[in-house]
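Coordinate analysis (summary)
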Amino acid sequence: MPKTKLLLLEDDINLSETVCEFLESKGYEVTPVYDGEEAETLMYEHQFDLFLLDVNVPSLNGFELLSNVRKEGNTTPAIFLTSLNAIEDLEHGYESGCDDYLRKPFALKELLFRIETILKREFFHSPSPKIRIADGIEYDSLNNQLLVHNQAVQLQNKEAKLLKLFLQKKNEIISHEMIMAHLWEYDEQGSDDTLRTYIKNLRKIMGKDRIVSIKKLGYKFTLA
């Protein structure tokens, strides 16, 4: 299964390396950046599961950066990691669109706890990490695994990303364009045939009625 992707904006190189090493040891894929403009470029060009953002960084501060991408419709959850302690800064952070605000210095274990808590929210604030799809079929949101009768099913990277997208937007019509943009990076060449193959493979596992094709609009994922 694909690793959860984190973008870390932190201009203190030593702290950046410490956080990266810790989170990578916990199974995350971390992309470090050191200034706001570089972070903004990566946010538009790549798909991340969570942003970790310092505020006082070169080029574009974290508040402005997150506000900009929120205005463009980017809903990726974000945590500010900052030494700014005033209540006005906290208010500014949440107004710009963050999901959590962690003051420096912080314990790495606390950062991990906050990351895990926010990532669980992707799946409907479910009290259980396992999401029932159909009889005998579940999705383990903590480990990003599809389970059939408690046995993990091996999916291709993009099949797993597609399933996760469907689960996050269950019972919604997801446009063909949104799916293509979610599965393929800006420098990759996606294709309709490949997408249909991924959907066919998921239907084989979960049943063809789970993924409904909506003519000229896209697809809708339904739970039993």
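Preceding this paragraph is the structure being described.
Thresholds, definitions, all that
Residues numbered from 1 in each chain as written. Predicted model: local features only at pLDDT ≥ 70, side-chain atom pairs only at ≥ 80, totals over all residues. Heavy atoms only, no water. Pairing = 2+ DSSP bridges. Helix = DSSP H or I, 4+ residues; strand = E, 2+ residues; numbered from the N terminus. Buried < 20%, exposed > 50% of the residue type's maximum accessible area, 1.4 Å probe, protein only. Contact = heavy atoms within 4.5 Å. Axes fitted to C-alpha atoms, helices over the stretch in contact; angles between N-to-C directions. Parallel < 35°, antiparallel > 145°, perpendicular 65-115°, else oblique. Nonpolar A, V, L, I, M, F, W, Y, C, P; charged D, E, K, R; others polar. Salt bridge = Lys/Arg side-chain N within 4 Å of Asp/Glu carboxyl O.

1. Thoughts on the pairing of strand β7 (residues 137-140)
Pairing geometry for strand β6 (residues 130-134) and β7, over four bridges, is antiparallel. Among the inter-strand pairings, isoleucine 131 is bridged to a residue of β7, identified as tyrosine 139. The turn joining β6 and β7, which pair antiparallel and follow one another in sequence, is formed by two residues; a positive phi near 80 degrees is taken by glycine 136. Here four bridges tie β7 to strand β8 (residues 145-148), and the two strands are oriented antiparallel to one another. When the bridges of β8 are listed, tyrosine 139 appears paired with leucine 146.

2. So, the side chain of aspartate 54
By the secondary structure assignment, aspartate 54 is in the loop between β3 (50-53) and α3 (62-71). Take aspartate 54: its relative accessible area is 6%, and that puts it in the buried class. Setting aside anything within four residues of it in sequence, one finds aspartate 54 in contact with Leu9, Glu10, Asp11, Gly62, Leu81, Thr82 and Lys104.

3. Re the sheet that holds strand β12 (residues 218-221)
If you walk across this open sheet you meet the three strands as β10-β12-β11, and the pairing is antiparallel. Each edge of the open sheet carries a strand with a single partner, namely β10 (173-175) and β11 (211-214). With strand direction ignored, the average angle separating the axes of adjacent strands in the sheet is 30 degrees. Two elements, β10 and β12, share three bridges in a ladder whose sense is antiparallel. Paired with isoleucine 174 across the two strands is tyrosine 219, which belongs to β12.

4. Describing the packing of helix α6 (residues 157-168) against helix α8 (residues 192-206)
Interaxial distance between α6 and α8 falls to 10 Å at its minimum, and their mutual angle equals 70 degrees. By the angle between their directions, the pair α6 and α8 is classed as roughly perpendicular. Along the contact surface, α6 presents Lys158, Glu159, Leu162, Leu163 and Phe166, while α8 presents Leu195, Tyr198, Ile199, Asn201, Leu202 and Met206. Each residue belonging to the contact of α6 with α8 can be placed in one class, and the counts come to eight nonpolar, one polar and two charged.

5. Considering the pattern of salt bridges
Taken as a whole, this structure holds eight salt bridges when the rule is applied. Aspartate 99 is the partner of arginine 70 in a salt bridge, and the nearest nitrogen-oxygen pair spans 3.6 Å. A residue pair is termed long-range when its members are at least 10 positions apart, and arginine 70 in helix α3 and aspartate 99 in the loop between α4 (87-95) and β5 (100-103) qualify at 29 residues. We note a salt bridge from aspartate 135 to arginine 132, for which the minimum N-O separation is 2.4 Å. The exposure class assigned to arginine 132 is partly exposed, which follows from its relative accessible area of 42%. Because the salt bridges share partners, they merge into one network encompassing Glu10, Asp54 and Lys104.

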